[in-house]
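# Summary of the model geometry
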Amino acid sequence: LRYLDQFRKSKEKQNNDNISRAKTYMKDHLHKKISLEEIARHTDLSLSHFCLLFKQQTTYTPVEYLTMLRIQKACNLLSLSRQKINEIANEVGYEDAYYFSRVFKKTMGKSPREYRLQQKG
């Protein structure tokens, strides 16, 4: 019991490092389809433990967080580039441009095309 507090702090720091590694991995692999299992493996945690820790530390599930990162990058590309929407969809990890548009609209409240037009005007 003497070192319990130090043990807890050490464990908490290790968990933070694992989640930071997961976030970095997600950012570095936005362009491709990645699974939760792949991300959990990268952090050396079991899938269930990884998902629990991620939600505790970020208030988002890993899937929600990955979707936010992808939509954030898509917004950036829509604003700053002339790429076609299907090219942007591929660049942020969506093979199906129609599905990308649905996710984008659900997240942003407007279609990618509407978002782009609003940014230019």
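Preceding block: the structure.
Just so you know, these numbers come straight off a predicted model, no measurement behind them.

Reading the values: the criteria
Residues numbered from 1 in each chain as written. Predicted model: local features only at pLDDT ≥ 70, side-chain atom pairs only at ≥ 80, totals over all residues. Heavy atoms only, no water. Core = buried A, V, L, I, M, F, W, Y, C linked by side-chain atoms within 4.5 Å. Buried < 20%, exposed > 50% of the residue type's maximum accessible area, 1.4 Å probe, protein only. Helix = DSSP H or I, 4+ residues; strand = E, 2+ residues; numbered from the N terminus. Contact = heavy atoms within 4.5 Å. Phe/Tyr/Trp six-rings, centres within 6.5 Å; stacked < 30°, edge-to-face > 60°.

### Description of the nonpolar core
Within the largest apolar cluster, 15 residues are counted, with the highest numbers of intra-cluster contacts made by Met26, Ile39, Phe50 and Phe54. At the level of secondary structure, the elements contributing two or more residues to this core comprise helix H1 (4-28), helix H2 (36-42), helix H3 (47-58) and helix H4 (62-80). Sort the elements by how many residues they give to this core and H1 lands first, with 4 residues. Residues in contact with Ile39, not counting those within four places in the same chain, are Ala22, Tyr25, Met26, Ile34 and Phe50.

### Description of the packing of aromatic side chains
Evaluation of the coordinates by the stated rule reveals 6 aromatic pairs. Pairing Tyr94 with Tyr99 gives two aromatic rings, centres 5.8 Å apart and planes at 55°, and the pair type is tilted. Under the relative-accessibility criterion, Tyr99 is labelled partly exposed at 39%. When the ring of Tyr94 is compared with that of Phe100, the centres are 5.6 Å apart and the planes differ by 50°; the resulting orientation is tilted.

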